[in-house]
Amino acid sequence: MLALLATAFALVLGYVYLCLSLTGPDKRTTEPTIDGPR
Amino acid sequence: MSWQGWLQIALFAALITALIRPVGGYMARVFDGQSAVQRVIAPLENLIYRIAGIDPAQEQSWIMYALALLWFNLFGIVALYGLQRIQQMLPFNPQHMQAVEPALALNTAVSFATNTSWQSYGGESTLGNFAQMAGITVQSFLSGATGIAVAIALVRGFARRLSRTVGNFWVDMLRATLYVLLPVSIVAALFLVWQGVPQTFGPFIAIHTPERARQVIAIGPVASQEAIKLVSGNGGGFFNANSAHPFENPTALSGMLEMLLIFFVGAPLTNTFGRMIGDERQGWVLYTVMAVMFAFGLATVYMAEAAPTSPSFGIDGMQSALQSGGNMEGKEVRFGPAQSSLFATVTTASSDGAVDAMHDSFMPLSGLILMGNMMLDEVIVGGPGSGLFGMLLFAIVAVFIAGLMIGRTPEYLGKKIESDEVKMTMLALLCVPACILGMAAVAAVLPQGIAGLSTAGPHGFSELLYDYTSAAATNGSAFAGLNANTPFWNLTLAAAMFLGRFAVIVPVLRIAGLLAAKRSVPPSAGTLPTHGLQFASLLIGTSVIVGGLTFFPALVLGPVAELFAAH
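A brief structural summary. (Residues numbered from 1 in each chain as written. Chains lettered and ligands numbered in written order. Predicted model: local features only at pLDDT ≥ 70, side-chain atom pairs only at ≥ 80, totals over all residues. Heavy atoms only, no water.)

### What about the overall build of chain A?
For chain A, the helix and strand inventory stands at 1 helix and 0 strands. The burial tally for chain A puts 26% of its 38 residues in the buried class. Accessible area of chain A: about 2400 Å², with a carbon and sulfur share of 73%. (Helix = DSSP H or I, 4+ residues; strand = E, 2+ residues; numbered from the N terminus. Buried < 20%, exposed > 50% of the residue type's maximum accessible area, 1.4 Å probe, protein only. Areas by Shrake-Rupley, 256 points an atom, 1.4 Å probe, with all protein chains shown as cover.)

### Some words on the packing of helix 15 (residues 419-445) of chain B against helix 18 (residues 487-516) of chain B
Here helix 15 of chain B crosses helix 18 of chain B at 175 degrees, and the two axes come no closer than 8 Å. With respect to their mutual orientation, helix 15 of chain B and helix 18 of chain B come out roughly antiparallel. (Axes fitted to C-alpha atoms, helices over the stretch in contact; angles between N-to-C directions. Parallel < 35°, antiparallel > 145°, perpendicular 65-115°, else oblique.)

### A closer look at the pattern of salt bridges
Residue and element names in this part refer to chain B. Overall, the coordinates contain 13 salt bridges over all chains when judged by the stated rule. In this structure, the salt-bridge partner of arginine 160 is glutamate 59, at a minimum N-O distance of 2.6 Å. Residue arginine 160 is located in the loop between helix 6 (129-159) and helix 7 (169-195), and its partner glutamate 59 is located in the loop between helix 2 (36-52) and helix 3 (62-85); the two are separated by 101 residues in the primary sequence. Taking relative accessible area as the criterion, arginine 160 reaches 22% and is therefore assigned partly exposed. Note on glutamate 59: relative accessible area 33%, which makes it partly exposed. A salt bridge links glutamate 421 to lysine 518, with the shortest nitrogen-to-oxygen separation between them at 2.9 Å. Note that glutamate 421 is positioned in helix 15 and lysine 518 in the loop between helix 18 and helix 19 (533-548), a separation of 97 residues in sequence. The two residues glutamate 421 and lysine 518 agree in class, both being buried. In the salt-bridge network here, residues are joined through shared partners; they are Glu226, Lys229 and Glu248. (Salt bridge = Lys/Arg side-chain N within 4 Å of Asp/Glu carboxyl O.)

### Some remarks on helix 10 (residues 269-277) of chain B
Residues and elements named next belong to chain B. Of all 9 residues in helix 10, 7 are buried; the element is thus mostly enclosed. All of the buried residues in helix 10 are Leu269, Thr270, Asn271, Thr272, Phe273, Gly274 and Met276. In this structure, the buried residues of helix 10 make contact with helix 1 (3-32), helix 6, helix 11 (280-306), helix 14 (386-406) and strand 3 (411-412). Within two residues after helix 10, glycine 278 carries a phi angle of roughly 85 degrees, on the positive side. (Contact = heavy atoms within 4.5 Å.)

### Observations concerning unusual backbone geometry
Residues and elements named next belong to chain B. A positive phi angle, near 75 degrees, is found at serine 351, a position not held by glycine. Following the sequence through the fold, serine 351 ends up in the loop between helix 12 (336-350) and helix 13 (364-375). Even without being glycine, valine 381 reaches a positive phi, approximately 70 degrees. Here valine 381 lies in the loop between helix 13 and helix 14. Residue valine 381 is classed as buried on the basis of its relative accessible area of 4%.

### Digging into the nonpolar core
Residue and element names in this part refer to chain B. In terms of nonpolar packing, the biggest core is built from 183 residues, with Phe12, Tyr412 and Tyr468 touching the most fellow members. The greatest single-element share of this core, amounting to 19 residues, is contributed by helix 18. Filtering out sequence-adjacent residues up to four positions away, tyrosine 468 remains in contact with Ile436, Met439, Ala440, Ala443, Phe488, Trp489, Thr492, Leu493 and Ala496. (Core = buried A, V, L, I, M, F, W, Y, C linked by side-chain atoms within 4.5 Å.)

### Quick look at the side chain of serine 366 of chain B
Residue and element names in this part refer to chain B. Its place among the elements puts serine 366 in helix 13. At a separation of 2.5 Å, a polar atom in the side chain of serine 366 contacts the side chain of glutamate 305. Setting aside residues no more than four positions away along its own chain, serine 366 makes contact with Val301, Ala304 and Glu305. (Polar contact = N/O pair within 3.5 Å; in protein donor to acceptor, adjacent residues only side chain to side chain.)

### Description of the layout of surface pockets
A water-sized probe, rolled over the atoms, reveals where empty space remains. All names here are of chain B. Considered as a void within the structure, the largest pocket measures approximately 490 Å³ in volume. Considering the residues around the largest pocket, the lining is formed by 21 residues, among which Phe296, Ile369, Gly372, Leu376 and Val544 are closest to the centre. Residue assignment for the lining of the largest pocket shows that the elements contributing at least two residues are helix 11, helix 13, helix 19 and helix 20 (552-565). Take the lining of the largest pocket: its biggest share by element is 6 residues, from helix 13. Reported here for the second largest pocket is a volume of approximately 420 Å³. Gln119, Tyr121, Asn240, Ala478 and Ala480 are, among the 27 residues lining the second largest pocket, the residues nearest its centre. Looking at the lining of the second largest pocket residue by residue, the classes come out as 12 nonpolar, 14 polar and 1 charged. (1 Å grid on protein atoms, 1.4 Å probe; cavity = no way out; pocket = protein on both sides within 12 Å on 5 of 7 lines; lining within 4 Å. Points joined across faces, edges and corners; volume = space filled by probe spheres on them. Nonpolar A, V, L, I, M, F, W, Y, C, P; charged D, E, K, R; others polar.)

### Things to note about the interface of chain A and chain B
Taken together, the contacts link 26 residues of chain A with 40 residues of chain B. Summing the contributions of chain A and of chain B, the shared interface buries around 3200 Å²; its carbon and sulfur component is 67%. Summed over the shared surface of chain A and chain B, the result is 0 salt bridges. Joining chain A to chain B, the criterion identifies 3 residue pairs in polar contact (both at pLDDT 80 or more). (Buried area = accessible area lost by both parts, 1.4 Å probe.)

### A short note on the packing of aromatic side chains
All names here are of chain B. The tally for this structure, following the rule as stated, stands at 20 aromatic pairs over all chains. Summarising the aromatic geometry, the rings of tyrosine 65 and phenylalanine 169 are spaced 5.7 Å apart at their centres and angled 80 degrees between planes, so their arrangement reads as edge-to-face. With tyrosine 65 in helix 3 and phenylalanine 169 in helix 7, this residue pair connects regions lying 104 residues apart in the sequence. According to the relative accessible area criterion, phenylalanine 169 is buried, its value standing at 0%. Between phenylalanine 488 and tryptophan 489, the aromatic rings sit 5.8 Å apart at their centres with planes inclined by 85 degrees, giving edge-to-face as the arrangement. Assigned by exposure class, phenylalanine 488 and tryptophan 489 land together as buried. (Phe/Tyr/Trp six-rings, centres within 6.5 Å; stacked < 30°, edge-to-face > 60°.)

So, in structure tokens, the structure goes:
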């Protein structure tokens, strides 16, 4: 059961990495937008 | 239906609404570190920081916040699992309860650490007092505080500008426990003791009934567990019958208090949100959306349960001197259809999962609403914190859809909503339906899944769908009629609870980090106002369409088919 828990937690850490890789670094300025810069 | 029933409902609504500003304001001050109570208890808070080696002034980035939360909750799961496995060696076990078998212990550990409180066991026949107190009760506090911490981190994401940090998980979690959950639980436990709920370390009492049969009456430290069970949104009862048991919920007055406690943190958090972002109106919009969806669900359930006769179900529901009328199967006489309908709607809307009536015995239309409440992903008040961050996810989707319709970049509370935030929002919103529908589909075809059902046909499918919904939405209430204490059900439900909690929290914290790092943009002519009825309507539409319609085909196979088959 503990091995099962460890696997589950490893999956969550992988999920954290997925969230990071999907989004990239924090943006301190906004991306170019549809309506252009304000 | 009766005027007394509607009066009871109106009283509940009035009391909750009256609590929004005072409790919401108090929590905003607590998390800003400016509460008057905090100044009194600060020495205790600082002592805990010193013992734990935490610097409360050191803030965390979203990823450090998330990792602290994940490690902390993993430790909670392992600790609760261990407590159950060795409970026969622990003190305060007057009934000499033996070690809980591994699959059930894992299910229970995950259940309480994820704020779900699904119970595949009967409390009074499985756990000793030590496991109930040091395991179940402690995890109820900590999982509730975890949810509040996540919501506060997300609110800070909206409130901050060009910030690398979203707060400190340890500080938020401790403050939520020390200043919010603990004081309310102490007062509530004393109230419940006054109403007749036991609080004792004594052994069970054996009596002889008038028929000379021997009956064992289970007692224990019930009131202390009962209070946090409700305030934390956990919902796991000391007894198998939960709040339908007279020692958990002895009177109609205790029933009213229990419902208020379930909403006590979740509903006022909308006001905390409004205050922390500097515009209370935004909080009132979220509360209005929650209230409208709640009122629709409650009215439907009450009308279905209080309908005078339902010949197709063989129910004599006419009101008379001998019965209160409506569908009384699975309901306590001291609560009746009105309070049972209110409690069922409160508990499924809130993610608490405590029950004072058996949901399996509700009419099909009611079952549909109760499941729908959970399928909306805990946005109708929800659990402490989880309701607020769930609703904010839908708010992000709503402004995104509105942005697409009017051809401008979506903004919410001065933050531009860009592709990264939308990706994370969709990840958080889709993982719960994927989990529920995927697992229900597998259980519906595997013999191990079907073996647990007590009924075939649409009602059997409803049992199965309800239980995965309850697990993945971290609600924890049971439809009843399902024998879930088998390795298949224990393990798959544990997986559903684990994913339903952490697969949502991680992207939410990522969104908090992304938003906190952004600068704020001033409102312009192209900005969608988010403090009025127009946005409230958009948010309701988005929640129902995105949250509800995802499940429509599955609901058709269960409660909808049952409803039409009966007519």
